[in-house]
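These are the residues of each chain, in order.
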Amino acid sequence: MLSSPPLTSTSDDARRAAVIARVNRRIIPFAFICYVVAYIDRVNIGFAARELQHDLGLSATEYGLGARLFFLGYCLFEIPSNLILDRVGARRWIARIMIGWGIVSMATMLISDVTSFMIARVVLGIAEAGFFPGMVLYLTYWVPAAERARTNALFMMAAPVSVIIGAPVSEAIMRMNGMFGLRGWQWLFLLEGLPAVILGFLALRVLTDRPEQANWLPADDREWLSATMSAERAQRIQTGHGGVLSSLGSGRVWLLTLVYLLNTSVTYGIFLWLPRMLQDTAGPGVSVSLYTAIPFMAALVGMVLIGRHSDKTAERKLHVAACAITASVGLLIAVAFHGNLYMLVLAFTISQVGQRSVMSVFWAIPPMLLGGTAAAAGIALINAIGNLGGFFGPTMMGWLRDMSGGYNGGLLVLASALILEAVLVASLRLPAAKLEAARSTKV
């Protein structure tokens with residue numbers, strides 16, 4: 001195979017785009033599929049709720065606590081997991097995570113009472129801990145800062161896609177109830193946990209730890225990418241935090257943690273209640289699966305376009321703030337038209353386009369502040385604490401619904417959280433170095 005010509009001043013932009021395209025084609029499809037499987041395994045318990053409660057004798061409180069216990073183990077082990085990944089390499093560690101969580105998910109079919117249910121949820125959180133922040137960290141090894149928002153969007157589109165495809169797949173599996181003597185929820189955990197194990201073994205072949213080891217890249221491209229990423233890492237250590245303790249004590253890292261906590265509170269607060277809100281508005285006998293999918297389908301387009309615009313303009317925090325405000329406006333429209341199904345779908349579509357697009361641009365910010373092992377620790381801290389929103393958001397929505405008999409109170413709180421999120425991220429001080437600085441790196 002002929003080697004690629006060296007990068008020159010006249011060909012740099014085109015070659016740069018070609019190198020990043022090769023990297024994306026190699027990494028992103030696999031990472032995307034893994035994240036879809038992870039998200040489905042995390043939330044599929046919702047489709048098994050009724051059968052689980054009946055078969056295991058779970059009260060609504062016990063079921064709700066067990067569902068949320070996932071985040072306990074998940075949060076406690078995020079930072080150690082990312083530090084290990086940074087030390088031993090993503091190829092082996094991501095494979096270990098996926099095989100581990102797949103086995104735990106499949107083994108959940110064996111639970112028989114309240115205690116085993118609670119233990120299974122905690123262990124699943126421990127097993128999956130580190131996957132998402134590990135993949136975010138892994139992308140910082142391969143994708144220059146100036147292209148990171150769009151690449152993040154391509155990876156994080158997996159979350160709304162998993163919502164779109166997860167429901168019909170899970171419902172179809174649940175209809176296998178009684179086959180070979182297994183309950184529907186047992187088939188659900190078995191069949192949706194198996195892909196994680198398979199993908200874990202594939203990760204050992206597909207993933208490469210660092211650009212300098214990428215034999216699938218032409219030699220000149222490999223050298224250019226290695227030099228570019230090394231220069232970015234050195235610059236981050238100079239302008240940001242380079243050690244674990246300094247990152248964990250950084251006010252800016254904790255501000256980003258609060259921003260992400262607010263965002264995930266809205267994510268799960270809406271995600272776990274949206275079908276119920278639409279069903280209550282539509283009335284009995286109306287299938288809301290299509291109506292539920294529309295906001296997430298629109299979010300896919302928004303994530304890519306907004307991520308691309310953020311990269312093009314080399315601006316991050318105002319994009320995040322604008323997306324948060326857009327999402328807040330969508331929720332306020334939902335409050336104003338709470339009795340109209342079609343206006344609700346439009347409102348949640350606007351909200352999801354804004355709120356989901358926060359993610360791809362937001363995760364381009366922490367690597368601007370963190371270098372070396374600080375990036376591993378800081379990214380894990382933000383994700384670990386931030387994902388407690390998976391506990392707070394749905395709980396708050398449920399409590400306010402019980403108190404008021406409707407959803408408007410919860411939606412107003414979530415809209416307020418998004419406005420606060422926008423204010424906080426707009427106040428963030430980022431390094432003065434421009435994102436395109438790495439473009440001048442040549443071999």
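For the structure, see preceding data.
Residues numbered from 1 in each chain as written. Predicted model: local features only at pLDDT ≥ 70, side-chain atom pairs only at ≥ 80, totals over all residues. Heavy atoms only, no water.

**Quick look at the nonpolar core**
Buried together is how nonpolar side chains tend to be arranged in soluble globular proteins.
For step 1, the next point in the chain: Residues W101, F131, F132, F348, W363 and L411 are the most contacted members of the largest nonpolar core, which totals 117 residues.
For step 2, the next point in the chain: In terms of residues, this core owes the most to one element, helix α1 (residues 12-43), which gives 16 residues.
For step 3, the next point in the chain: When residues no more than four places from it in sequence are discounted, the contact partners of W101 are C34, V37, A38, D41, L124, A127, E128, F131 and A196.
For step 4, the next point in the chain: Counting residues in each nonpolar core, the second largest holds 21 residues, with A48, Y63, M174 and W187 among its members. (Core = buried A, V, L, I, M, F, W, Y, C linked by side-chain atoms within 4.5 Å. Buried < 20%, exposed > 50% of the residue type's maximum accessible area, 1.4 Å probe, protein only. Helix = DSSP H or I, 4+ residues; strand = E, 2+ residues; numbered from the N terminus. Contact = heavy atoms within 4.5 Å.)

**Details of the packing of helix α8 (residues 148-156) against helix α15 (residues 289-313)**
For step 1, the next point in the chain: Running from amino to carboxyl end, α8 crosses α15 at an angle of 165°, the nearest separation of the two axes being 7 Å. It follows that α8 is roughly antiparallel to α15 by the angle criterion. Read as a crossing pair, α8 and α15 show a hand that is right-handed. Along the contact surface, α8 presents R148, A149, R150, A153, L154 and M156, while α15 presents M303, V304, G307, R308, S310 and D311.
For step 2, the next point in the chain: Each residue belonging to the contact of α8 with α15 can be placed in one class, and the counts come to 6 nonpolar, 2 polar and 4 charged. (Axes fitted to C-alpha atoms, helices over the stretch in contact; angles between N-to-C directions. Parallel < 35°, antiparallel > 145°, perpendicular 65-115°, else oblique. Left-handed = near helix turned anticlockwise from the far one by under 90°. Nonpolar A, V, L, I, M, F, W, Y, C, P; charged D, E, K, R; others polar.)

**Quick word on unusual backbone geometry**
For step 1, the next point in the chain: One non-glycine residue, F180, lies in positive phi territory at about 55°.
For step 2, the next point in the chain: Within the secondary structure, F180 sits in the loop between α9 (158-174) and α10 (184-206).
For step 3, the next point in the chain: Among the residues examined, F180 registers a relative accessible area of 74% and is labelled exposed.
For step 4, the next point in the chain: A positive phi angle is found at A314, which is not glycine, with a value near 55°.
For step 5, the next point in the chain: One can find A314 in the loop between α15 and α16 (317-336).

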